[in-house]
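# Summary of structural features
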2 protein chains.
Amino acid sequence: MSAKTRPTAQQLSTLVKLMELGAGGSDARVSSSTLGEVLGLSQQAASKRLIELERAGLVRRTHSGRGLTVALTPPGRRAVLVHYGELKQIIEGRSRPMLFAGKVFTGLREGAYYVSLKGYAAHFRSSLGFVPFPGTLNLRLAAPSQVVQRAQLNLLRGIEVPGFEDGRRTYGPVKCFRAEVAGKLPGAILVIERTHYDDSVLEVIAPVNLREALGLKDGDGCQVSVLFD
Amino acid sequence: MSAKTRPTAQQLSTLVKLMELGAGGSDARVSSSTLGEVLGLSQQAASKRLIELERAGLVRRTHSGRGLTVALTPPGRRAVLVHYGELKQIIEGRSRPMLFAGKVFTGLREGAYYVSLKGYAAHFRSSLGFVPFPGTLNLRLAAPSQVVQRAQLNLLRGIEVPGFEDGRRTYGPVKCFRAEVAGKLPGAILVIERTHYDDSVLEVIAPVNLREALGLKDGDGCQVSVLFD
DNA sequence: ATTACTAGTGTACGAGTAG
DNA sequence: TCTACTCGTACACTAGTAA
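Analysis parameters
Every chain's residues receive numbers from 1 upward, in the order its sequence appears when written. Chain letters and ligand numbers both follow the written order, the letters beginning at A and the numbers at 1. Totals for whole chains, interfaces and linings use all residues, but because this is a predicted model, local features are given only for residues with pLDDT of at least 70 and pairs of side-chain atoms are given and counted only at 80 or more. Excluding hydrogens and water, the side-chain values take into account all heavy atoms of the structure. Only when DSSP finds a minimum of two bridges between them are two strands counted as paired. Comment: elements are numbered from the N terminus, with helices defined as DSSP H or I runs of at least four residues and strands as E runs of at least two. It only takes one pair of heavy atoms within 4.5 Å for two residues to be counted as in contact. Pairing of aromatic rings covers Phe, Tyr and the six-membered ring of Trp, with a centre-to-centre limit of 6.5 Å; geometry is then stacked below 30 degrees between planes, edge-to-face above 60, and tilted otherwise.

With that settled, consider the sheet that holds strand β2 (residues 59–63) of chain A. All names here are of chain A. Read across the sheet, three strands follow the order β1-β3-β2 without closing on themselves; strand pairing throughout is antiparallel. At either margin of the open sheet sits one strand with a lone partner, and together these are β1 (28–29) and β2. Relative to strand β3 (residues 68–72), β1 runs antiparallel, the two sharing two bridges. Considered in β3, the bridge of arginine 29 is made with threonine 69.

So, in structure tokens, the structure goes:
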């Protein structure tokens, strides 16, 4: 069920082929003979690989009629994205900034709640050089490539801000990436490890109230560059 | 020596690790035990993989003192880039245009020679919808990420223009990508299969003389979008 | 038509060790 | 030290075939 161990090279290449066959997002009809063909394997070997991937929690198989449908699970997709991210860094280098563009919206104020917690303040100051304004600027990313790029942030190291306890409950560690907002203001992207990601949202923090400083209201466009090292 | 057959998933992952260890560009000291460690294998298995990769023509091994240095060969680098390009297309989609920006320069007029050949004209017309002006606009790409992007074009399918003979010699097939020059003029990128690539150069062709139409001279900047569909 | 069992086989691995 | 040989084993593959 779990996916703690790194997938093997063969598992990874199988997952990639499955994505190519359309099983990346939702279910796709993938016969074991088709899969075998694209992988250069027998039908039997392809069937076995699918079973192994299911046991590793990386795909979901459903028997439907006279065939089966396959879909990557979130850990399966994550494995491919991690691989892609590593490859990208090796090939393209890690120095270029990531550019994001989205529209301002009012979120659930969950990020705002986190950054307002006293237990994080000292670490924000020492890691980022500022204590964030108690609120986040939420940007909704529209373009699919922007969402993919945002998903990469989940997998990159970033600046770790450790968690803490306040006696009542435990607050997990959060992660930041230094950023430049609207081409001028220093700030950071906040990435909270959640059970359920929404990678179409970028949460921006800064020493000041960004909405005021930039005169932004819901629906306005805003650009952010994420800077590395 | 040759590399006609596709590398296996394991060969590919080994090549990627080797690049990560610095053997992508030039030679790097890579001990078989280090390689084994990062691959989760024994020293012996890593050694065997390196030997296999050398037999496949994907790496070059040189015994030096009490160790060895390893470097990927051009086919080895190519294999990794092909893999990366495929993955990129699967994950990020193939619909987005590639943006290029470079500076105009006067090349060796090799591309100009090719497009002026009568034997290609008919195919250019049917594939691209125009017969190119007998000359190319050469752009020198400066940013490393632009060069990487340019290298991807070598590996993508593109629009094939078949080769021909004129009795004296054989002219190989060339490859094009539809493009938009300076945000307005229709044209194409010309990719000639050469023994020695220079991926920092973009050769642009169009139905008109682009230098005249855009009033460009050497050293001027010019943007080109490569379009896919 | 499918999937996936069983049996047999090739091969990639780790251990030991020589150069 | 290093690389890389041989050997024995474990496993992933193909073929055949049942459901």
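Looking now at the environment of alanine 112 of chain A. Residue and element names in this part refer to chain A. For alanine 112, the location among the structural elements is in helix α5 (residues 110–116). C-alpha of alanine 112 to C-alpha of asparagine 138: the two residues are 26 residues apart in sequence and 9.8 Å apart in space. Beyond its immediate sequence surroundings of up to four residues, alanine 112 is in contact with Pro134, Gly135 and Thr136.

Below, the discussion takes up the pairing of strand β4 (residues 98–105) of chain B. Residue and element names in this part refer to chain B. Note: β4 against strand β12 (residues 221–226), six bridges, orientation antiparallel. Bridge pairing links leucine 99 to serine 225 in β12. Here β4 pairs with strand β5 (residues 137–141) via four bridges, running antiparallel. Of the residues in β5, the one forming a bridge with valine 104 is leucine 139.

For the coordinates displayed, the defined rule picks out 13 aromatic pairs over all chains. Between tyrosine 120 of chain A and phenylalanine 124 of chain A, the aromatic rings sit 6.1 Å apart at their centres with planes inclined by 55 degrees, giving tilted as the arrangement. Remark: phenylalanine 124 of chain A and tyrosine 120 of chain A occur in helix α6 (residues 118–128); sequence separation between them is four residues, near one turn of the helix. Measuring from centroid to centroid gives 6.3 Å for phenylalanine 177 of chain B and phenylalanine 228 of chain B, while their planes differ by 70 degrees, and the two rings are edge-to-face. Pair noted here: phenylalanine 177 of chain B is in strand β9 (residues 174–181) and phenylalanine 228 of chain B is in the segment after β12, with a separation of 51 residues, a long-range link. One aromatic cluster is present, formed by Tyr113, Tyr114, Tyr120, Phe124, Phe164 and Tyr171 of chain A through successive ring pairs.

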